Amino acid sequence: MKKLPCVCGVREVIPRTPSMTFEGKSDFLANIAEIHYASAAVRLLSALSIKSLPNNADRIFTGPPKKDCILVDFVRLQSQSLSHYIQAEHFSPPPHRDIWYNCEQHVHLEGCLVPELLFALALRNNVNLPSTDGLYTSVASYSAYLSRNDAFQDLDAFLSLYYTGLSVLQTQQDYHDLAMVYFRQAAQDNVRHAEVFFDPQAHTSRGVAYETILAGFKSACTEAQTHLGISSKLIMCFLRHVPAADAIEHYYTARPDLLNGSIAGIGLDSSEKGYPPELFQGVYALALKDEVRRTAHAGEEVGPHVVVSSLDKLHVERIDHGRTIPQDLELLSRMAREGIMVTLCPLSNLKLQGVKSIDQLPVRVFLDAGVKFSINCDDPAYFGGFILDNYCVVQEAFNLTAEDWRQICKASIEGSWCDGTRKRTLLEELEVVIDAFNKHSLEGVTGEDQLKDQASVR
Ligand SMILES: Nc1ncnc2[nH]cnc12
Ligand SMILES: [Zn+2]
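Remember, it's a predicted structure, so these values are computed and weren't measured experimentally. (Residues numbered from 1 in each chain as written. Chains lettered and ligands numbered in written order. Predicted model: local features only at pLDDT ≥ 70, side-chain atom pairs only at ≥ 80, totals over all residues. Heavy atoms only, no water.)

Quick word on the UniProt feature "binding site: substrate" (unreviewed entry) in the protein
Here the UniProt-annotated "binding site: substrate" (unreviewed entry) positions come out as Asp379. Counting through the fold element by element, Asp379 comes out in the loop between β12 (373–375) and α17 (380–383). Residue classification places Asp379 among the buried positions, given a relative accessible area of 3%. For Asp379, the residues in contact, after removing those within four places along its chain, are His108, Gly111, Phe158 and Tyr162. (UniProt positions renumbered as here; feature names shortened; annotations may be inferred. Helix = DSSP H or I, 4+ residues; strand = E, 2+ residues; numbered from the N terminus. Buried < 20%, exposed > 50% of the residue type's maximum accessible area, 1.4 Å probe, protein only. Contact = heavy atoms within 4.5 Å.)

Focus on the pattern of salt bridges
Summed over the entire model, instances satisfying the criterion amount to 16 salt bridges. Across the pair Asp174 and Arg124 runs a salt bridge, and its minimum N-O distance is 2.8 Å. Placement of Asp174 in helix α8 (residues 172–188) and of Arg124 in helix α5 (residues 115–124) is noted, with a sequence separation of 50 residues between them. Owing to a relative accessible area of 0%, Asp174 belongs among the buried residues under this scheme. (Salt bridge = Lys/Arg side-chain N within 4 Å of Asp/Glu carboxyl O.)

Overview of the nonpolar core
If you look at the biggest cluster of nonpolar residues, it comprises 113 residues, and the most contacted ones within it are Tyr182, Phe183 and Met335. It is α8 that contributes the most residues to this core, eight residues altogether. Residue contacts for Tyr182: discarding those within four places in its chain leaves Glu104, Val107, Leu109, Cys112, Val191, Ala194, Val196, Cys377 and Phe386. If you look at the next biggest cluster of nonpolar residues, it comprises five residues, including Phe197, Ile235, Cys237 and Trp417. (Core = buried A, V, L, I, M, F, W, Y, C linked by side-chain atoms within 4.5 Å.)

Some words on the coordination of the zinc ion (ligand 2)
Surrounding the zinc ion (ligand 2) are the protein donor atoms His106 (NE2), His108 (NE2), His297 (NE2) and Asp378 (OD), at 2.1 to 2.2 Å. Each of the four donor atoms bound to the zinc ion (ligand 2) contributes to angles spanning 85 to 176°, and the resulting shape is irregular. Between consecutive donor residues of the zinc ion (ligand 2), the sequence gaps follow H-x1-H-x188-H-x80-D. Here His297 lies in strand β9 (residues 293–298) and His108 lies in strand β5 (residues 102–108), a separation of 189 residues in the sequence. One exposure class covers both His108 and His297, and it is buried. (Donors = N, O, S within 2.8 Å, 3.2 Å for Na, K, Ca; no water. Tetrahedral: all angles 85-135°; square planar, octahedral: opposite > 155°, others 65-115°.)

Points about the environment of Asp312
Relative to the helices and strands, Asp312 resides in helix α13 (residues 305–313). Looking at Asp312, the relative accessible area reads 39%, which means it is partly exposed. A polar side-chain atom of Asp312 sits 2.8 Å from a polar atom in the side chain of Arg334. (Polar contact = N/O pair within 3.5 Å; in protein donor to acceptor, adjacent residues only side chain to side chain.)

What about the packing of aromatic side chains?
Scanning all chains against the criterion turns up 13 aromatic pairs. Aromatic side chains Phe198 and Phe217 sit 5.5 Å apart centroid to centroid with 70° between the ring planes, which places their arrangement in the edge-to-face category. Residue Phe198 is located in strand β6 (residues 191–198), and its partner Phe217 is located in helix α10 (residues 210–228); the two are separated by 19 residues in the primary sequence. Neither Phe198 nor Phe217 differs from the other in exposure class; each is buried. (Phe/Tyr/Trp six-rings, centres within 6.5 Å; stacked < 30°, edge-to-face > 60°.)

A closer look at the packing of helix α11 (residues 244–259) against helix α12 (residues 281–289)
Interaxial distance between α11 and α12 falls to 8 Å at its minimum, and their mutual angle equals 25°. Of the possible angle classes, the one that applies to α11 and α12 is roughly parallel. The way α11 lies across α12 gives a crossing that is right-handed. Residues Ala247, Ile248, Tyr251 and Tyr252 of α11 form the contact with α12, whose participating residues are Gly282, Val283, Leu286 and Ala287. (Axes fitted to C-alpha atoms, helices over the stretch in contact; angles between N-to-C directions. Parallel < 35°, antiparallel > 145°, perpendicular 65-115°, else oblique. Left-handed = near helix turned anticlockwise from the far one by under 90°.)

So, the site of ligand 1
In the region of ligand 1, the neighbouring residues are His108, Leu155, Phe158, Leu159, Tyr162, Asp269, Ser270, His297, Glu300, His321, Asp378 and Asp379. Backbone polar atom of Ser270 to a nitrogen atom of ligand 1: 2.8 Å apart, as the coordinates give it. In the environment of ligand 1, a nitrogen atom lies 2.8 Å from a nitrogen or oxygen atom belonging to the side chain of Glu300. Here ligand 1 loses 100% of its free accessible area of 260 Å² to cover by the protein chains. (Near = heavy atom within 4 Å. Areas by Shrake-Rupley, 256 points an atom, 1.4 Å probe, with all protein chains shown as cover.)

Here we look at the state of the cysteines
As enumerated under the stated definition, the model contains zero disulfides in all. The thiol of Cys345 is unpaired, and the distance to the nearest cysteine sulfur, on Cys377, comes to 7.5 Å. With no disulfide partner, Cys409 has as its closest neighbouring cysteine sulfur the one in Cys103, 8.7 Å distant. On the basis of relative accessible area, Cys409 is assigned to the buried category, the value being 0%. (Disulfide = S-S within 2.5 Å.)

A few points about the sheet that holds strand β8 (residues 265–269)
Taken together, eight strands build an open sheet; the order of strands is β5-β6-β7-β8-β9-β10-β11-β12 and the sheet is parallel. Two strands close off the open sheet at either side, each with one partner strand: β5 and β12. Shown here is a sheet whose adjacent strand axes are inclined to one another by a mean of 25°, direction ignored. Relative to β8, strand β7 (residues 231–239) runs parallel, the two sharing five bridges. Within β8, the residue paired with Phe238 across the bridge is Leu268. (Pairing = 2+ DSSP bridges.)

Here we look at helix α14 (residues 329–338)
Those residues of α14 that sit buried are Leu331, Leu332, Arg334 and Met335. For α14, the angular spread of buried residues about the axis comes to 165°, placing them on one side. More than 90 degrees from the buried face of α14, the exposed residues found are Leu329 and Arg337. Once α14 ends, the next one or two residues include Gly339, with phi positive near 65°. (Arc of directions from axis to C-beta.)

This is the structure in C-alpha cells:
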C-alpha cells in the first residue's frame, strides 16, 4: 500500500489514487507519515480513540496544509466508522464545491475557541480551568472536551461550556488570535465577506476592558482583509440572560464605534427560553434612532412568535437561526415578501438537538417560498465544523442543484451589510465561478477529472 505523505485536517478527501483503500484503523495509522495541522491531529486521534500520537506520526505542524498531502474529512470521521469512511466512493468532493463562494453572517468569534487555542491560552495566561465536571481535567484533555461537545442536551448546556472557556481570554493578543482562528479557516472555505458576532458583556463582566476586546478583534479584521482578502464587519451582541439595563450601558460604551462604523451593528444572543425579545426593546430603539444595523437570534429553540416579536418590537433587519419560522405560514410569506434574510446554522441546530437530522431544516421550504437565507457555522469549535462543513451536510441532506446554490450564495451576498460596491464585486465574482462550473458540466467533465484538477491546484 502506498505510504501517505501527510494527513491534513480539512473536510474533503483527495485520493492520490482512486483505488486507495485501507483495511482499518491500524493500516490507516501505520501509513501516516506526518500529521499536519494540530487541530486536525487532535480530532483525528480523538475520533480514533487514540490517546497519544502513533510513533511514525510524532510531528505535528500548525499552519496551512502543505500541498503534497492527503486531505481527510475529520468531521465525518467523527460521525462515521473509519471502515465506512475509507471506502473509495466516499473520496469524491461534493459536486458543487467550486461554486460555494460565500459570505457568512452568523459566527460567534467566541465560538471559534478551538480546544488547542483554549488550552494554549490557559497556559499563556496561567488560568486554571475548572475540573469539577471532569471536563477540563488537564491541559491535554482534548478528548474529554470533544466528547462533551458531542453530548449537548440543548442550547443552555452548550452555553455553560462556552462561557466557562472564555476565562482564558484576557489580552488584546488573545482576542486577535481567537479571531484569526476563524479568518484563517474562512479563507480556506472560500468565505469572501464575514460578519462576525462578539459578546462584550461576557468579557467586561470578568474585568476585561471593552477597548481590549475591540482592539484585538479589529486588528484581526484588518489582517484578514490585508492578508486573506476577506472583508468583515463586527456585530456586538447583547446577552439575553443579563438584565437589559446592562445592554443599554454597553450600547453607550460602544456608541462611538457603532456610529463610526468600527462596529457594524447589534445582535441578541444567549439563552432563548424565558428571555423574550420585548425585554430588549429599549436598546434596539436606541439603535434604530442612531440608524445602527440590527439583527437578533430568534426561532432557534423557541417557536415563530419570537421571530414576529423581533421583527415588530426590535425592528431587526435579519433573523439569526429562524429555524422555526415555517411553523407560521403567514410569517413564512412575510419573510419572503419583506426580503428579510435568515442566517441558518445547520450543524448548530443538529448538535443542540433542535433537529434530529439536517433534512428537518427548512432549506427546501425557504428555497421554494423565496425566503432569503444563508448557511453559517455559529460556533464552529463546538459544533463539528466551519462553514464548508455546513454546506456539505446541507448538500448531503437536500441534494441541491447548482441553481439552488446560486440562489443561496447570492442571498448571502445580498443580505450582507457591506456596501454596494463590495456587493457588486462579490456578485460578479459569484457569476464567474458559476459560469465556469456550468461550462465544465456542459463539457462533460467527470467527477474524477475535477478531482484531478483540484489535486493539482493544491
Ligand atoms: N447558538 C447560539 N445561540 C444563542 N446564543 C449563542 N451564543 C453563542 N452561540 C449561540
Ligand atoms: Zn448564534
